[in-house]
Amino acid sequence: MPKIPSVPFCDELPSHFVLGETKAEIKLSNAEENRNAALSLASQARHGINIFTQDLDDAIYNNEEFESYIFKLATRHPSAQIRILVQDSHSAVKKGHRLIRIAQKLTSSVFIKNPPDTHKGDKSAFMTTDSVGLLYRVRADAYNYEASVNFMSPQRVGKLEDFFNEVWEHGTPDLQVRRLFV
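Residues numbered from 1 in each chain as written. Predicted model: local features only at pLDDT ≥ 70, side-chain atom pairs only at ≥ 80, totals over all residues. Heavy atoms only, no water.

Visitor: Help me understand the overall build of the protein, please; the structure alone is not making it clear to me.
Guide: A count of helical and extended segments in the protein gives 6 helices and 8 strands. Each helix (α) and strand (β) of the protein, taken in turn from the N terminus, gives the series β-α-β-α-α-β-α-α-β-β-β-β-α-β. Per-residue burial for the protein yields a buried fraction of 49% across its 182 residues. Within the protein, contacts between residues at least 6 apart in sequence are counted, and of these 77% link residues at least 24 apart. Accessible surface, the protein: about 9,500 Å² in total, of which carbon and sulfur atoms supply 51%. (Helix = DSSP H or I, 4+ residues; strand = E, 2+ residues; numbered from the N terminus. Buried < 20%, exposed > 50% of the residue type's maximum accessible area, 1.4 Å probe, protein only. Contact = heavy atoms within 4.5 Å. Areas by Shrake-Rupley, 256 points an atom, 1.4 Å probe, with all protein chains shown as cover.)

Structure below.
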């Protein structure tokens, strides 16, 4: 992967990064840059989003804007799917994570599963969008937000989506996030 100077995201979504067109690999170094990259990718999604995460990455995905983009994608594009593989959702459930709430509301388009035991130790995290956009963290933990984002990387996204689909197929629904009807 070529090293490209970091282009920091600001508080606003970068309008000049276009999903399916902008080919630059942009380096990210903190939670805010990761969150803004995820927001930009999600805001432009039309077909689907896949998220592979350890704990639903509170600093990146647990915000009103991201929830809004997921809701819009799921309701405006009936065939769109948002699939999330989470290794451990216990903390997110306790905190009332927004992605869990939206998955409980939009049960026909937002899905959360746990990976099989063979993939529980995977340290990376990523989000793919419309089979071309990618937010990728090699080592995802609360102290390391080094990542890259690319709005046009179909080959790399294809490989990660092949991995995601394989893990998804062998994964199990996350019982901690299911909606309980009383």
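After that view of the structure, there is still more to cover.
Visitor: Just to check I follow, could you spell out the side chain of Thr22 for this structure?
Guide: Tracing the backbone through its elements, the reader meets Thr22 in the segment before strand E1 (26–28). Since its relative accessible area comes to 16%, Thr22 is described here as buried. Among the polar contacts made by the side chain of Thr22, one reaches the main-chain amide nitrogen of Val18 at a distance of 2.8 Å. (Polar contact = N/O pair within 3.5 Å; in protein donor to acceptor, adjacent residues only side chain to side chain.)

Visitor: What is the right way to read the side chain of Thr129 from this model?
Guide: With respect to the secondary-structure elements, Thr129 resides in strand E5 (residues 125–129). We classify Thr129 as buried; its relative accessible area is 0%. For Thr129, the contacting residues outside a window of four places in its chain are Leu19, Leu41, Ala45, Gly48 and Ile49.

Visitor: Even after reading the chapter, I still don't get the packing of aromatic side chains, so can you show me in this structure?
Guide: Two aromatic rings are characterised by how far apart their centres lie and by the angle between their planes. Here the structure, examined in full by the defined rule, presents 7 aromatic pairs. For the pair Phe52 and Phe163, a centre-to-centre distance of 5.4 Å together with 70° between the ring planes defines the contact as edge-to-face. Residue Phe52 is found in strand E2 (residues 48–53), and its partner Phe163 is found in helix H6 (residues 154–170); the two are separated by 111 residues along the sequence. Residue Phe52 is classed as buried on the basis of its relative accessible area, which comes to 1%. Here Phe163 falls in the partly exposed class, since its relative accessible area comes to 26%. An aromatic cluster is present here, built from Phe52, Phe126, Phe163, Phe164 and Trp168 joined pairwise through their rings. Lying over the aromatic face of Trp168, Arg83 brings its terminal NZ or CZ to 5.2 Å of the ring centre. (Phe/Tyr/Trp six-rings, centres within 6.5 Å; stacked < 30°, edge-to-face > 60°. Lys NZ or Arg CZ within 6 Å of the ring centre and 35° of its normal.)

Visitor: How should I be thinking about unusual backbone geometry in this particular structure?
Guide: Working note: non-glycine residues mostly have negative phi, and peptide bonds are mostly trans. Despite not being glycine, Leu56 has its phi angle at roughly 70°, a positive value. Looking at the secondary structure, you find Leu56 in the loop between E2 and helix H2 (58–61). When its relative accessible area of 0% is taken as the criterion, Leu56 is described as buried.

Everything listed here is a matter of coordinates, which is why it stays silent on function.
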